[in-house]
Amino acid sequence: EGSDELSDKFISLVVIALANIKQYYDEKYDKNNFIKNVILDNILPGDIYIKARELHFETDAFRVAILIRLSDKSDVSAYDILQSLFPDKQKDFIINVNETDLVLVKEVKDTNDNKDLEKLAKSIIDSSELYIKAYVGIGTIVDNIRDLPRSFNDAQVALEVGKIFDTEKNIMTYDNLGIGRLIYQLPMTLCETFLSEIFKKGSIESLDYETLFTIQKFFENNLNVSETSRKLFVHINTLVYRLEKIRKLTGLDLRRFDHAIVFKVALMVKKYLVANPTKF
């Protein structure tokens, strides 16, 4: 009888343990679905807190949405790679949005973690580059679960803006988009009007590659003529001649700070028009 009683107790303990394991995994699965519905705006704001209480989910915590976009399909599961990189199933959530987009919703320490997040994004790319090529958009850090959709939207904007204005980068942070973010929000017609008013007809299209490269280097060297000529390995008079040519062609003297700002913005607006985003 004693052995039977022990066996019954053992079986009971096993059943309880299995039930607890099942509850844990069910809760984890539900939490993932919950977060997915939150970031995709598929749940009413009033229901967010009710569901969060049911799942014992902390609503007030610093979190950020990080969008990982795959450039092409791969036989290796990007989802599995990310799961292995972020094993904390209670604070980090990996979500499949579609065939190319995955989202990491990560809990962070505070709102000043952008540098750490960029390091994190780099580690994601470095860890997966043997199998997949990815681009990462980092949204804004929010302190309440109801704001996660905004963080996710900002991560999407970061990738879209980066695709237009910083084609060489594979990590974009919403908070560091600068003027590009402003231009991205402008209507196409306003951008076209701006260009037509700033430049003489066809003047910007007539700039050749060498001239555009000179302009880029001039901006990179803070409008410093001597430093730019040194970096370009050209005589300072040659650079001055090129800048004069640009002034005669466009009416803008890049040695003047206000003219340089207008020209810089105009080049970015031109990029935006050429990219022709589908959002309009």
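Cut-offs applied
- Think of each chain on its own: its residues are numbered from 1, step by step along the sequence as written.
- This being a predicted model, a pLDDT of at least 70 is required before a residue's local features are given, and a value of 80 or more before pairs of side-chain atoms are given or counted; all residues contribute to the totals for chains, interfaces and linings.
- Derived side-chain values reflect all non-hydrogen atoms in the structure, with water molecules and hydrogen atoms excluded from consideration.
- Only runs of H or I of at least four residues qualify as helices and only runs of E of at least two qualify as strands under DSSP, and these elements are numbered from the N terminus.
- Relative accessibility under 20% of the residue-type maximum defines a buried residue, over 50% an exposed one, and the middle range a partly exposed one, all with a 1.4 Å probe and only protein chains included.
- Should any heavy atoms of two residues lie within 4.5 Å, those residues are counted as being in contact.
- Throughout, the Shrake-Rupley method with a 1.4 Å probe supplies accessible areas, and for residues the shown protein chains are the sole cover considered.
- Definition used for salt bridges: Asp or Glu carboxyl oxygen within 4 Å of a side-chain nitrogen of Lys or Arg.
- Cavity and pocket criteria rest on a 1 Å grid covering protein atoms alone: a 1.4 Å probe that fits but cannot get out defines a cavity, protein on both sides within 12 Å along at least 5 of 7 lines defines an open pocket, and an atom within 4 Å of a point defines a lining residue.
- Grid points are joined across faces, edges and corners, and a volume is the space filled by probe spheres set on the points.
- When residues are sorted by character, Ala, Val, Leu, Ile, Met, Phe, Trp, Tyr, Cys and Pro go into the nonpolar class, Asp, Glu, Lys and Arg into the charged class, and all the rest, Gly among them, into the polar class.
- For every element, the axis is a line fit to its C-alpha atoms; helices are fit only across the contacting stretch, and the angle between N-to-C directions ranges from 0 to 180 degrees.
- Note on angle classes: values under 35 degrees are labelled roughly parallel, values over 145 roughly antiparallel, values of 65 to 115 roughly perpendicular, and the remainder oblique.
- It is the rotation of the near helix from the far one that decides the hand of a crossing: anticlockwise by less than a right angle makes it left-handed, clockwise makes it right-handed.
- Pairing of aromatic side chains here covers Phe, Tyr and the six-membered ring of Trp, requires ring centres within 6.5 Å, and sorts the geometry by plane angle: under 30 degrees stacked, over 60 edge-to-face, intermediate tilted.

**So, the overall build of the protein**
Right, so step 1: Across its full length, the protein holds 11 helices and five strands.
Right, so step 2: Split into buried and exposed, the 280 residues of the protein put 41% on the buried side.
Right, so step 3: The contacts of the protein with a sequence gap of at least 6 include a subset with a gap of at least 24, amounting to 66%.
Right, so step 4: With the model as given, the accessible surface of the protein reaches about 16,600 Å², and the carbon-plus-sulfur share is 53%.

**Some points on the pattern of salt bridges**
Right, so step 1: Following the criterion strictly, the structure yields 14 salt bridges and no others.
Right, so step 2: Of the charged contacts in the structure, one is a salt bridge between Asp92 and Lys106, with a shortest N-O distance of 3.2 Å. Residue Asp92 is found in strand 2 (residues 92-96), and its partner Lys106 is found in strand 3 (residues 101-107); the two are separated by 14 residues along the sequence. Lys106 carries the same exposure label as Asp92, and that label is buried.
Right, so step 3: Linked by salt bridges that have partners in common, Arg69, Asp101, Glu160 and Lys163 make up one network.

**Some remarks on the side chain of Asn32**
Right, so step 1: With respect to the secondary-structure elements, Asn32 resides in helix 1 (residues 2-39).
Right, so step 2: Take Asn32: its relative accessible area is 12%, and that puts it in the buried class.
Right, so step 3: Not counting residues within four places of it along the chain, the set of residues in contact with Asn32 comprises Tyr79, Phe93, Ile94 and Ile95.

**Some words on empty space enclosed by the protein**
Right, so step 1: One pass over the structure, following the stated rule, counts one cavity of 30 Å³ or more.
Right, so step 2: Forming the walls of the largest cavity are Ile68, Leu70, Ala78, Ile81, Leu82, Leu102, Ile124, Ser128 and Ile132.
Right, so step 3: Secondary-structure elements contributing two or more residues to the lining of the largest cavity are strand 1 (63-70), helix 3 (78-85) and helix 4 (114-128).
Right, so step 4: Examining the composition of the lining of the largest cavity, we find that three residues originate from one element, helix 3, more than from any other.
Right, so step 5: Residues belonging to the lining of the largest cavity are distributed by class as follows: eight nonpolar, one polar and no charged.

**As for the packing of helix 8 (residues 209-220) against helix 11 (residues 257-275)**
Right, so step 1: Helix 11 packs onto helix 8 with a crossing angle of 120° between their chain directions and a minimal axis gap of 12 Å. Relative to helix 11, helix 8 is oriented oblique. The element helix 8 and its partner helix 11 pack so that their crossing is left-handed. For the pair helix 8 and helix 11, contact is made by Leu212, Ile215 and Phe219 and by Ala260, Phe263, Lys264 and Leu267, respectively.
Right, so step 2: When its residues are assigned to classes, the contact of helix 8 with helix 11 shows six nonpolar, no polar and one charged.

**Describing the packing of aromatic side chains**
Right, so step 1: Going through the model one piece at a time under the given rule, you end up with five aromatic pairs.
Right, so step 2: Aromatic side chains Phe34 and Phe57 sit 5.6 Å apart centroid to centroid with 80° between the ring planes, which places their arrangement in the edge-to-face category. With Phe34 in helix 1 and Phe57 in the loop between helix 2 (45-54) and strand 1, this residue pair connects regions lying 23 residues apart in the sequence. Accessibility assignment for this pair places Phe34 and Phe57 in one class, buried.
Right, so step 3: Summarising the aromatic geometry, the rings of Phe57 and Phe93 are spaced 5.8 Å apart at their centres and angled 45° between planes, so their arrangement reads as tilted. Of the two residues, Phe57 is situated in the loop between helix 2 and strand 1 and Phe93 in strand 2; the sequence distance between them amounts to 36 residues.
Right, so step 4: Members of the aromatic cluster, joined through ring pairs, are Phe34, Phe57 and Phe93.

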